[in-house]
Amino acid sequence: MSLSPDPIPIKPTPAGVPRHVAIVMDGNGRWATRRRLPRVAGHAKGVEAVRTTVEACAREGIEFLTLFAFSSENWRRPADEVSVLMRLFITALEREVTQLRANGIRLRVVGQIDAFEGRLQRLIREAEQRTANNTRMTLTIAANYGGRWDIVQAVRALVEERPELVRDPSLVTEDALSRHMALAHAPEPDLFIRTGGEQRISNFMLWQLAYTEFYFTDTFWPDFGPEVLASALASYRDRERRFGRTSAQVATA
Ligand code: FPP
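Below is a summary of the structure that appears in this document. All of these numbers come straight from a predicted model, not from anything done at the bench.

Reading guide: rules and limits
Residues numbered from 1 in each chain as written. Predicted model: local features only at pLDDT ≥ 70, side-chain atom pairs only at ≥ 80, totals over all residues. Heavy atoms only, no water. 1 Å grid on protein atoms, 1.4 Å probe; cavity = no way out; pocket = protein on both sides within 12 Å on 5 of 7 lines; lining within 4 Å. Points joined across faces, edges and corners; volume = space filled by probe spheres on them. Helix = DSSP H or I, 4+ residues; strand = E, 2+ residues; numbered from the N terminus. Nonpolar A, V, L, I, M, F, W, Y, C, P; charged D, E, K, R; others polar. Patch = residues over 30% accessible without salt bridge, like charges linked within 9 Å, V, L, I, M, F, W, Y side chains within 5 Å. Areas by Shrake-Rupley, 256 points an atom, 1.4 Å probe, with all protein chains shown as cover. Salt bridge = Lys/Arg side-chain N within 4 Å of Asp/Glu carboxyl O. Buried < 20%, exposed > 50% of the residue type's maximum accessible area, 1.4 Å probe, protein only. Phe/Tyr/Trp six-rings, centres within 6.5 Å; stacked < 30°, edge-to-face > 60°. Near = heavy atom within 4 Å. Polar contact = N/O pair within 3.5 Å; in protein donor to acceptor, adjacent residues only side chain to side chain. Sits in = over half its atoms within 2 Å of the grid points. Contact = heavy atoms within 4.5 Å. Axes fitted to C-alpha atoms, helices over the stretch in contact; angles between N-to-C directions. Parallel < 35°, antiparallel > 145°, perpendicular 65-115°, else oblique. Left-handed = near helix turned anticlockwise from the far one by under 90°.

**Here's the deal with the layout of surface pockets**
Phase 1 of the analysis: As a volume, the largest pocket reaches approximately 1000 Å³.
Phase 2 of the analysis: Counting only elements with at least two residues in the lining of the largest pocket, the list comes to helix H1 (28-34), helix H2 (39-60), strand E2 (64-71), helix H3 (79-102), strand E3 (105-110), helix H4 (118-130) and strand E4 (137-145).
Phase 3 of the analysis: For the lining of the largest pocket, the residue count by class is 26 nonpolar, 10 polar and 10 charged.

Below, the structure is given as structure tokens:
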């Protein structure tokens, strides 16, 4: 992977609003099963929730939204479910890119994209190019992504770029590695949200979540929308982010 060419844009975020929100969208299958529908109906409804959430986040002034759409481990699902998810990605890319452009949203896709069929890979590249100059919000879709994969690919890219590091490992720094992570185009997430009631990271952004605030909700992803987002943002506003300092130090700063 090459070094991200575009610097992280800096613009004022409304006070108390997280700059970067990362979401694990869980519960599509259970949402459908509760309605006696096939699991894939939950994924289709989940795409609608993606659209609503992107709009709501842009309205809130959030600058970076990252969604975990397909993990490296999701290939283990039944073949027909994986195939429906791929169709949904393709349809969403075909339908939504014009809207993303109209709304000033830049799209990035991170993960092992080369494992996808050629048509999907082409659509991803085209959508990224067509939205590259948008500045209102960056929407990153993590697809065939895993946090451990991300760290390993970053180490490989760093060593490839600077072979001298093998002889002198003391030159390996957090900053040097960060520049090669798949999400080098975004600051670290301020707020992590997981829907669907489970309380785990599931191999999402392991490197970048070091100081992120966590918010878990029982709401299934297809039911996620502006109201649950507002609750998560209200909870975030009440947090004291200390980054290792004491409360008194934070108050003084
Ligand atoms: C988790 O629910 C959800 C997924 C594995 C897929 C997420 C995909 C979408 C929301 C649709 C496509 C997204 C885009 C960006 C176009 P689950 O199936 O694990 O639910 P369960 O835990 O109830 O079984």
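**So, a nonpolar patch on the surface**
Phase 1 of the analysis: Judged by side-chain polarity, Val-155, Val-159 and Val-166 come together as a nonpolar surface patch covering roughly 220 Å² of accessible area.
Phase 2 of the analysis: Residue Val-159 is classed as partly exposed on the basis of its relative accessible area of 32%.

**Considering the packing of aromatic side chains**
Phase 1 of the analysis: In total, this model carries 14 aromatic pairs according to the counting rule given.
Phase 2 of the analysis: Between Tyr-145 and Phe-204, the aromatic rings sit 6.1 Å apart at their centres with planes inclined by 85 degrees, giving edge-to-face as the arrangement. Here Tyr-145 is found in strand E4, whereas its partner Phe-204 is found in the loop between strand E5 (191-194) and strand E6 (213-216), with 59 residues between them in sequence. Take Tyr-145 and Phe-204: they sit in the same class, and that class is buried.
Phase 3 of the analysis: Here the aromatic rings of Trp-221 and Phe-224 are separated by 5.0 Å at their centres, their planes lie at 20 degrees, and the arrangement is stacked. Grouping residues by exposure puts Trp-221 and Phe-224 together as buried.
Phase 4 of the analysis: Members of the aromatic cluster, each reached through a chain of ring pairs, are Phe-68, Tyr-145, Trp-149, Phe-192, Phe-204, Phe-214 and Phe-216.

**Remarks on the pattern of salt bridges**
Phase 1 of the analysis: Inspection of every chain in the model, using the stated rule, returns 17 salt bridges.
Phase 2 of the analysis: Here Glu-128 ties to Arg-125 by a salt bridge, and the two come within 2.8 Å at their closest N and O atoms. Separated by three residues within a single helix, Glu-128 and Arg-125 lie in helix H4, roughly one turn from each other.
Phase 3 of the analysis: On the basis of relative accessibility, which here comes to 14%, the residue Glu-128 falls in the buried class.
Phase 4 of the analysis: For Arg-162, the salt bridge is made with Glu-164, and the minimal N-O distance between the two is 3.2 Å.

**Overview of the site of the ligand**
Phase 1 of the analysis: Close to the ligand lie 18 residues, the nearest being Asp-26, Gly-29, Arg-30, Arg-39 and Arg-77.
Phase 2 of the analysis: Separating an oxygen atom of the ligand from a backbone N or O atom of Gly-27 is a distance of 3.3 Å.
Phase 3 of the analysis: Expressed as a share of its isolated accessible area of 620 Å², the protein-covered part of the ligand is 90%.
Phase 4 of the analysis: A molecule is said to occupy a pocket when more than half its atoms come within 2 Å of that pocket's grid points, and by this definition the ligand occupies the largest pocket.
Phase 5 of the analysis: The set of elements that each furnish at least two residues to the shell around the ligand consists of H1, H2 and H3.
Phase 6 of the analysis: Element by element, the count of residues in the shell around the ligand is highest for H2, at four residues.
Phase 7 of the analysis: Residue classes in the shell around the ligand are distributed as eight nonpolar, six polar and four charged.

**Quick look at the side chain of Asn-28**
Phase 1 of the analysis: Following the sequence through the fold, Asn-28 ends up in helix H1.
Phase 2 of the analysis: Only 3.0 Å separates the side chain of Asn-28 from the side chain of His-43, close enough to count as a polar contact.
Phase 3 of the analysis: Sequence-distant contacts of Asn-28, that is, excluding residues within four places in its chain, are made with Arg-39, Gly-42, His-43, Gly-46, Trp-221 and Pro-222.

**A word on the packing of H2 against H3**
Phase 1 of the analysis: Running from amino to carboxyl end, H2 crosses H3 at an angle of 25 degrees, the nearest separation of the two axes being 10 Å. In terms of axis orientation, H2 runs roughly parallel to H3. As for the relative orientation of H2 and H3, their crossing is right-handed in sense. Judged by residue contacts, Arg-39, Val-40, His-43, Ala-44, Val-47 and Arg-51 of H2 engage Glu-81, Val-84, Leu-85, Leu-88, Ala-92 and Glu-96 from H3.

**Some details on unusual backbone geometry**
Phase 1 of the analysis: Phi at Asn-144 takes a positive value of approximately 50 degrees, unusual for a residue other than glycine.
Phase 2 of the analysis: Among the structural elements, Asn-144 can be located in strand E4.
Phase 3 of the analysis: Even without being a glycine, Ser-202 presents a positive backbone phi close to 55 degrees.
Phase 4 of the analysis: Topologically, Ser-202 is positioned in the loop between E5 and E6.

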